[in-house]
Amino acid sequence: MVKKEKKFEEAMSELEQIVQQLERGDVPLDEAIAKFQEGMALSQYCNETLTKAEETVSKMIVVKED
């Protein structure tokens, strides 16, 4: 699980590192599975963070237009 205190940029950086490690294909299977799970959690966290930011910006735009 991803700690909520983590900044978006940190989570994205960690996710990029995991993807690079898995793409190289030199990670043992057990470690690859663990990294994949961690990557999925980071991906979900980043997606949720972006969605919340998008909603906030949308609300700001609607308020400004009124």
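Described below are features of the structure shown in this document.

Cut-offs and rules
- Residues numbered from 1 in each chain as written.
- Predicted model: local features only at pLDDT ≥ 70, side-chain atom pairs only at ≥ 80, totals over all residues.
- Heavy atoms only, no water.
- Helix = DSSP H or I, 4+ residues; strand = E, 2+ residues; numbered from the N terminus.
- Buried < 20%, exposed > 50% of the residue type's maximum accessible area, 1.4 Å probe, protein only.
- Contact = heavy atoms within 4.5 Å.
- Core = buried A, V, L, I, M, F, W, Y, C linked by side-chain atoms within 4.5 Å.
- Expected span 1.5 Å × (residues − 1).
- Arc of directions from axis to C-beta.

### Focus: the overall build of the chain
Here's step 1: Scanning the chain for helices and strands turns up two helices and zero strands.
Here's step 2: Buried residues in the chain amount to 18% of all 66 residues.
Here's step 3: Counting contacts in the chain only where the partners sit at least 6 residues apart, residues at least 24 apart contribute 72% of the total.

### Let's talk about the nonpolar core
Most often, soluble globular proteins have nonpolar side chains that are buried together.
Here's step 1: Membership of the largest hydrophobic core is limited to six residues, which are A11, L15, I18, L42, Y45 and C46.
Here's step 2: At the level of secondary structure, the elements contributing two or more residues to this core comprise helix 1 (8-24) and helix 2 (29-65).
Here's step 3: Discounting residues that sit within four places of it in the chain, C46 has contacts with F8, A11 and M12.

### Overview of helix 1
Owing to its 3.6 residues per turn, the α-helix brings residues three or four apart onto one side.
Here's step 1: For helix 1, which comprises 17 residues, the first-to-last C-alpha distance of 25 Å matches the rise-based estimate of 24 Å (1.5 Å per residue) to within 8%.
Here's step 2: Looking only at helix 1, the buried set comprises A11, L15 and I18. What you see down the axis of helix 1 is that its buried residues fit within an arc of 60°, all on one side. Away from its buried face by more than 90 degrees, helix 1 exposes E9, E23 and R24.
Here's step 3: Trailing helix 1 by a residue or two, G25 shows a phi angle of about 80°, which is positive.

### Re the environment of S13
Here's step 1: Among the structural elements, S13 can be located in helix 1.
Here's step 2: Linking S13 and L42, residues 29 residues apart in sequence, is a C-alpha distance of 9.7 Å.

### A look at the environment of I18
Here's step 1: Structurally, I18 is set in helix 1.
Here's step 2: Sequence-wise, I18 and F36 are 18 residues apart; in three dimensions their C-alpha atoms are separated by 7.6 Å.
Here's step 3: If we ignore the near neighbours within four places in the chain, the residues touching I18 are K35, E38, G39 and L42.

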